[in-house]
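Structural description and commentary
Spelled out, the chains give:
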Amino acid sequence: MPVIGRLQGFVLGAGMEIAAACDLRIAAETARFGMPEVKLGHSLGSRSGAAAQFDRLGAGRARLLLLGEIHGAAELAQWGFLNRVVPADSLDGAVEELLQSLFTAGPDAVKRQKRLIAAWEDLPMNAAIDAGIDAFAASWDSDEPSRMMNEFQAKRRNRPL
């Protein structure tokens, strides 16, 4: 199942690690992010979740963790760590929108896509392409693609011009 990180307040240290483990991350514009452990005299490598920061932020930005600074949500969105930033009073509504969007997707397709994305993180390009082809072929092991395409076409036919 996809995991949505609903982030507000201070998202520091282990909170940042938990956020990095989420599939989608949506934050209040007032949220603050960082890994201040270095300012407390210990490194980040003591926890496996810290390694996820490297992938989510990229090498250059992950090195900023050396400074132990706190960053705003807008900055983390620019870096690609956050999927959306919204006003704090709109956070629950924005999470609900993401949930509703997920609910309209095929459950089997979402499961396969999540597995495929995880595989892509570790595979070289040719193997990642092959994995995508295999996932597409596997989607036809169920009636989900045909059923959902038929539902889509029925809605289009019934739509007034």
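Residues numbered from 1 in each chain as written. Predicted model: local features only at pLDDT ≥ 70, side-chain atom pairs only at ≥ 80, totals over all residues. Heavy atoms only, no water.

Brief notes about the sheet that holds strand β5 (residues 70–72)
- A sheet is described by the order of its strands in space; here three strands give the open sequence β2-β4-β5, paired in mixed fashion. The sheet is open, and its two edges are formed by β2 (10–12) and β5, each paired on a single side. Going across the sheet, the axis of each strand differs from the next one's by a mean of 25°, ignoring polarity.
- Examined bridge by bridge, strand β4 (residues 32–34) and β5 share three bridges and lie antiparallel to one another. By the bridge assignment for β5, phenylalanine 33 is matched with histidine 71.
- On top of the sheet, helix α1 (residues 14–21) reaches β2 and β4; it is set at about 90° to β2, its chief contact. (Pairing = 2+ DSSP bridges. Helix = DSSP H or I, 4+ residues; strand = E, 2+ residues; numbered from the N terminus. Axes fitted to C-alpha atoms, helices over the stretch in contact; angles between N-to-C directions. Contact = heavy atoms within 4.5 Å.)

Some remarks on the packing of aromatic side chains
- Summed over the entire model, instances satisfying the criterion amount to two aromatic pairs.
- Aromatic side chains phenylalanine 33 and phenylalanine 81 sit 6.3 Å apart centroid to centroid with 70° between the ring planes, which places their arrangement in the edge-to-face category. With phenylalanine 33 in strand β4 and phenylalanine 81 in the loop between α4 (73–78) and β6 (84–86), the pair connects residues that are 48 residues apart, well separated along the chain. (Phe/Tyr/Trp six-rings, centres within 6.5 Å; stacked < 30°, edge-to-face > 60°.)

Examining the packing of helix α6 (residues 107–120) against helix α7 (residues 125–139)
- Close contact between α6 and α7 brings their axes to 10 Å; oriented N to C, the two are set at 170°. Overall, the two elements α6 and α7 adopt an arrangement that is roughly antiparallel. Residues Arg112, Leu116 and Trp120 of α6 lie in contact with α7, whose contacting residues are Ala128, Ala131, Gly132, Ala135, Ala138 and Ser139.
- Tallied by class, residues from the contact of α6 with α7 come to six nonpolar, two polar and one charged. (Parallel < 35°, antiparallel > 145°, perpendicular 65-115°, else oblique. Nonpolar A, V, L, I, M, F, W, Y, C, P; charged D, E, K, R; others polar.)

So, α1
- Those residues of α1 that sit buried are Met16, Glu17, Ala19 and Ala20. Taken down its axis, α1 places every buried residue within 160° of arc, on the same side. More than 90 degrees from the buried face of α1, the exposed residues found are Ile18 and Ala21. (Buried < 20%, exposed > 50% of the residue type's maximum accessible area, 1.4 Å probe, protein only. Arc of directions from axis to C-beta.)

Regarding the sheet that holds β6
- Ordered by their spatial adjacency, three strands build an open sheet running β1-β3-β6, and the pairing between neighbours is parallel. Of all the strands in the sheet, the pair left with one neighbour each is β1 (4–7) and β6. Going across the sheet, the axis of each strand differs from the next one's by a mean of 15°, ignoring polarity.
- Bridge count between strand β3 (residues 24–28) and β6: three bridges; the pairing is parallel. Looking at β6, one finds that alanine 27 is bridged to valine 85.
- Across the sheet, helix α5 (residues 91–103) touches β1, β3 and β6, and the angle it forms with β1 is around 170°.

Comments concerning the environment of glycine 5
- Among the secondary structure elements, glycine 5 is positioned in strand β1.
- Overall, the relative accessible area of 5% leaves glycine 5 in the buried class.
- In this structure the C-alpha to C-alpha distance between glycine 5 and alanine 20, which are 15 residues apart in sequence, comes to 8.6 Å.

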